[in-house]
Amino acid sequence: MKFDDLDSAMRVYETASDLCVLANMFMVARLDGRSFTRLTKEQCEFETPYDERFSNLMVATTESLMSCGFKVLFAFTESDEISLLFDPRERQFGRKLRTFNSVLAGEASAQFSLRLGQAATFDCRVLQLPSEELVVDYFRWRNQDAARNALNSWCYWTLRKAGLGKRDATDHLAGRSVSEKHDLLFSHGINFNAIPKWQRRGVALYWKTHEQLATNPKTNQRVVAQRRRIHIDRKLPMKDAFADYVRSVCLSEEATRS
């Protein structure tokens, strides 16, 4: 069989499962670290329940994903996950889901591993959202998930450090309300509301225009130029205020036009 005929025959099987995101649909990619509990608690021994070094690794990885050729309007990271909102005009790879998932997972895994100094792996899935309100709801969901995870993690590790085993700490928290968990932490001298916001609410990243002095290469005159760079926000609001925040930084006419 000639190569061209063989190539055509095999391409059918390679592309048979290709699905593409429809035009005008918002794409949000969520990446999660694979087996990161073992990586962070056993292999690398990061501080529990939160370690600023680990958070910085996640933020740096997110910055890389926003700068590797995709049109990313907004990103959010909490714990071992990263969410990316793409410009609805993004046309990379013909909007093929398979390619987005593989490239983003590979990029995140490589960037995080290089910074950590050992192998780490991410998986990726792309959500297709038909409206701006669903985009807002998605990031509200992840923002509230960050708060829930932070409260549970602080309670669990406070009990562990007080001498309880894994099972006993888990059983001790089972069925407790949010207010009871706050009281538990307070009884150990911890005010949950005073814990850094990046732990309780996650970290947001988005493009922001800044003015800076530059030199016009033709006239050699000093001018004020506008440059875009990634802004990192570690002090996020919550609930309705966070919804308004998402709309203003990534869904406003100015944000989507830039």
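Look up: the structure comes first, before these words.
Residues numbered from 1 in each chain as written. Predicted model: local features only at pLDDT ≥ 70, side-chain atom pairs only at ≥ 80, totals over all residues. Heavy atoms only, no water.

Draft legend 1. Summary view of the overall build of the protein. Secondary structure assignment for the protein yields ten helices and six strands. With the C-alpha coordinates of the protein rotated into their principal frame, the extents come out at 70 × 65 × 40 Å. Within the protein, buried positions represent 43% of all 258 residues. Accessible surface computed for the protein: about 14,500 Å², of which carbon and sulfur atoms make up 49%. Separation of charge centres in the protein, based on 38 positive and 33 negative side chains, amounts to 3 Å. (Helix = DSSP H or I, 4+ residues; strand = E, 2+ residues; numbered from the N terminus. Buried < 20%, exposed > 50% of the residue type's maximum accessible area, 1.4 Å probe, protein only. Areas by Shrake-Rupley, 256 points an atom, 1.4 Å probe, with all protein chains shown as cover. Lys, Arg positive; Asp, Glu negative; His and termini not counted. Charge placed at Lys NZ, Arg CZ, Asp CG, Glu CD.)

Draft legend 2. Structural detail: the pairing of strand E1 (residues 26-33). Taken across its eight residues, E1 has eight buried, putting it largely inside the fold. In terms of strand pairing, E1 meets strand E4 (residues 122-129) through eight bridges, oriented antiparallel. Along E4, the bridge assignment pairs Phe-26 with Leu-129. Two elements, E1 and strand E3 (residues 81-86), share five bridges in a ladder whose sense is antiparallel. Counted as the bridge partner of Leu-31 is Ile-82 from E3. (Pairing = 2+ DSSP bridges.)

Draft legend 3. Representation of the packing of aromatic side chains within the structure. Counted according to the given criterion, the structure contains 19 aromatic pairs. With 5.9 Å between their ring centres and 90 degrees between their planes, Phe-93 and Phe-100 make a pair best called edge-to-face. Assessed through its relative accessible area of 34%, Phe-93 is described here as partly exposed. In this structure Phe-100 comes out as buried when scored by relative accessible area, which is 1%. Ring geometry for Tyr-206 against Tyr-245: centres 6.3 Å apart, planes inclined by 80 degrees, an arrangement best described as edge-to-face. Taken together, the residues Tyr-206 in strand E5 (residues 203-215) and Tyr-245 in helix H9 (residues 239-251) connect sequence positions 39 residues apart. (Phe/Tyr/Trp six-rings, centres within 6.5 Å; stacked < 30°, edge-to-face > 60°.)

Draft legend 4. Up close: the pattern of salt bridges. Inspection of every chain in the model, using the stated rule, returns 14 salt bridges. Between Asp-145 and Arg-142 there is a salt bridge, with its nearest N and O atoms 3.0 Å apart. A residue pair is termed a helical-turn pair when its members lie 3 or 4 positions apart in one helix, as Asp-145 and Arg-142 do in helix H5 (residues 132-161) at three residues. Of the two residues, Asp-145 and Arg-142, both sit in the buried class. A single salt-bridge network, built from bridges that share partners, covers Glu-78, Glu-81, Arg-142, Asp-145 and Arg-148. (Salt bridge = Lys/Arg side-chain N within 4 Å of Asp/Glu carboxyl O.)

Draft legend 5. How the structure looks around unusual backbone geometry. In this model, Thr-48 is joined to Pro-49 through a cis peptide bond whose omega is 0 degrees. Along the polypeptide, Pro-49 turns up in the loop between helix H2 (36-43) and helix H3 (52-66). With a phi close to 55 degrees, Ser-79 is a non-glycine residue in the positive phi region. You can see Ser-79 is positioned in the loop between strand E2 (72-78) and E3. For Arg-95, which is not glycine, the phi torsion reads 60 degrees and is therefore positive. As for its placement among the helices and strands, Arg-95 is situated in the loop between E3 and helix H4 (97-116). Residue Arg-95 is classed as buried on the basis of its relative accessible area of 4%.

Draft legend 6. Examining the nonpolar core more closely. Membership of the largest hydrophobic core comes to 51 residues, with the highest contact counts inside it found for Leu-31, Leu-84, Phe-86, Leu-104 and Phe-112. With near-sequence residues (within four places) excluded, Phe-86 lies in contact with Met-27, Ala-29, Phe-70, Lys-71, Val-72, Leu-73, Phe-100 and Leu-104. (Core = buried A, V, L, I, M, F, W, Y, C linked by side-chain atoms within 4.5 Å. Contact = heavy atoms within 4.5 Å.)

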